[in-house]
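Breakdown of the fold
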2 protein chains.
Amino acid sequence: MNYDEAKNKFISTWGSLGTLWGINKAMAQIHALLLISPKPLSMEDIMEQLQISRGNTSMNLRQLMDWGIVFKENKMGERKEYFTSEKDVQELARQIAKERSRRELQPTIKILKDVSNIDEDGTAKTKELIKQTKALHEMADTLDILMNRVIGQDHNWITKALVKLIK
Amino acid sequence: MNYDEAKNKFISTWGSLGTLWGINKAMAQIHALLLISPKPLSMEDIMEQLQISRGNTSMNLRQLMDWGIVFKENKMGERKEYFTSEKDVQELARQIAKERSRRELQPTIKILKDVSNIDEDGTAKTKELIKQTKALHEMADTLDILMNRVIGQDHNWITKALVKLIK
DNA sequence: TCAAACTTTCAAAAAATATTGAAACATAGA
DNA sequence: TCTATGTTTCAATATTTTTTGAAAGTTTGA
């Protein structure tokens, strides 16, 4: 496998992987491209390499910036904007964990809390609803604490966490 | 909030949550319904409660069974099939972790390994590609080991893991 | 202020995904 | 074997999501 083959394979794999995780193809591919690019790329560069439209590129770059994993850069004396990705994969993972907690876990926790707080009326179905949503609520809480703990951790957290869990 | 409101809120929240995670609405809603139902439900029950077609119900039930989180049950003397969900949320989480590792992590690891093994040709772009895919590969490996470790763990793993990480 | 260089927005089109429903299929019991 | 009672399949349809591209917007510098 030569460079171009490897690059294309990586970008397209990352793209389809993304869709599996609810991230659209273009967004995941732009991210993959920036991740392995040694220097910042302009919008034109990205459009050309991935064969996507200007509008698509613009919108997805914005989303990636919202996630805090892609940054704008300006070259002196140039109007054009350049983009880079967070290169430290552990920092990347932390940023993603942080965003997922904020966007997915927090809202879920809120609903589960509300639902599990309905009045116990003695019927089996109510008991079951309360029991199960409470259990999910507890688990979501634990997961959230775990994730936040991990986010606040230093850069080798994943290795260290593993060591702790294994021993 | 009374029982019906709470139930509907839970089911519809679980449904939209699912789409966020790449799971379709019907599948997530069927799961939610079974999770809080004190007794097994038939296909008719599910169709009626969620207002979805027979075909849709059948297909999504099959997927849930493939994931190992929903089971068929037979009542004595009845032809009809009944369905239940795994009720232990920790077991549920373990099963989901196991399936995601198998379906998502394993294939990713394979590609990252291949891509990171291309020949170093001394150019900056090749160096960067190798460096980044290697870093991702390591992280995916660690995650996978961590998940498998957790899957093999007893039922209170999540609490225990938390205690370990926090102390 | 104007023009050039670039980016963003958004309605329309395309693509991907989910859903329906009826026909095909399965199976138990008469 | 035939019928009644169920389930599965899958082509057609509906829905949702993504993408496009051109118009509108922005900013810089002359």
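Above this text is the structure in question.
Right, let's walk through the structure included here.

Reading guide: rules and limits
- Residues numbered from 1 in each chain as written.
- Chains lettered and ligands numbered in written order.
- Predicted model: local features only at pLDDT ≥ 70, side-chain atom pairs only at ≥ 80, totals over all residues.
- Heavy atoms only, no water.
- Contact = heavy atoms within 4.5 Å.
- Buried area = accessible area lost by both parts, 1.4 Å probe.
- Salt bridge = Lys/Arg side-chain N within 4 Å of Asp/Glu carboxyl O.
- Polar contact = N/O pair within 3.5 Å; in protein donor to acceptor, adjacent residues only side chain to side chain.
- Helix = DSSP H or I, 4+ residues; strand = E, 2+ residues; numbered from the N terminus.
- Nonpolar A, V, L, I, M, F, W, Y, C, P; charged D, E, K, R; others polar.
- Near = heavy atom within 4 Å.

Looking at the interface of chain B and chain A
In this complex, chain B contributes 51 residues to the contact, which on the side of chain A involves 52 residues. Both faces combined, the contact of chain B with chain A buries some 5,200 Å², and carbon together with sulfur accounts for 77% of it. Of the charged contacts, one joins Glu128(B) and Lys87(A) as a salt bridge, the two residues approaching to 3.3 Å between their closest N and O atoms. Put simply, chain B and chain A have 8 residue pairs in polar contact (both at pLDDT 80 or more) between them. At the level of elements, α1 (3-20), α2 (25-36), α5 (89-116), α6 (124-151) and α7 (157-166) of chain B are the ones that each hand at least two residues to the side of chain B that touches chain A. Ranked by the residues each element gives to the side of chain B that touches chain A, the list is headed by α6(B), at 15 residues. In terms of residue class, the side of chain B that touches chain A is made up of 30 nonpolar, 10 polar and 11 charged.

Quick notes on the protein's contact with DNA strand D
In the neighbourhood of DNA strand D, 18 residues make up the surrounding shell, with Ser53(A), Asn56(A), Arg79(A), Arg62(B) and Arg79(B) lying closest. Side-chain polar atom of Asn56(A) to a phosphate oxygen of DNA strand D: 3.1 Å apart, as the coordinates give it. The contact in question runs from a base oxygen of DNA strand D to an N or O atom on the side chain of Arg79(B), over 2.7 Å. Elements that contribute at least two residues to the surface near DNA strand D include exactly α4 (54-66) of chain A together with α4 (54-66) of chain B. Here the element with the most residues in the surface near DNA strand D is α4(B); it accounts for 5 residues. Here the residues of the surface near DNA strand D are counted per class, giving 4 nonpolar, 7 polar and 7 charged.

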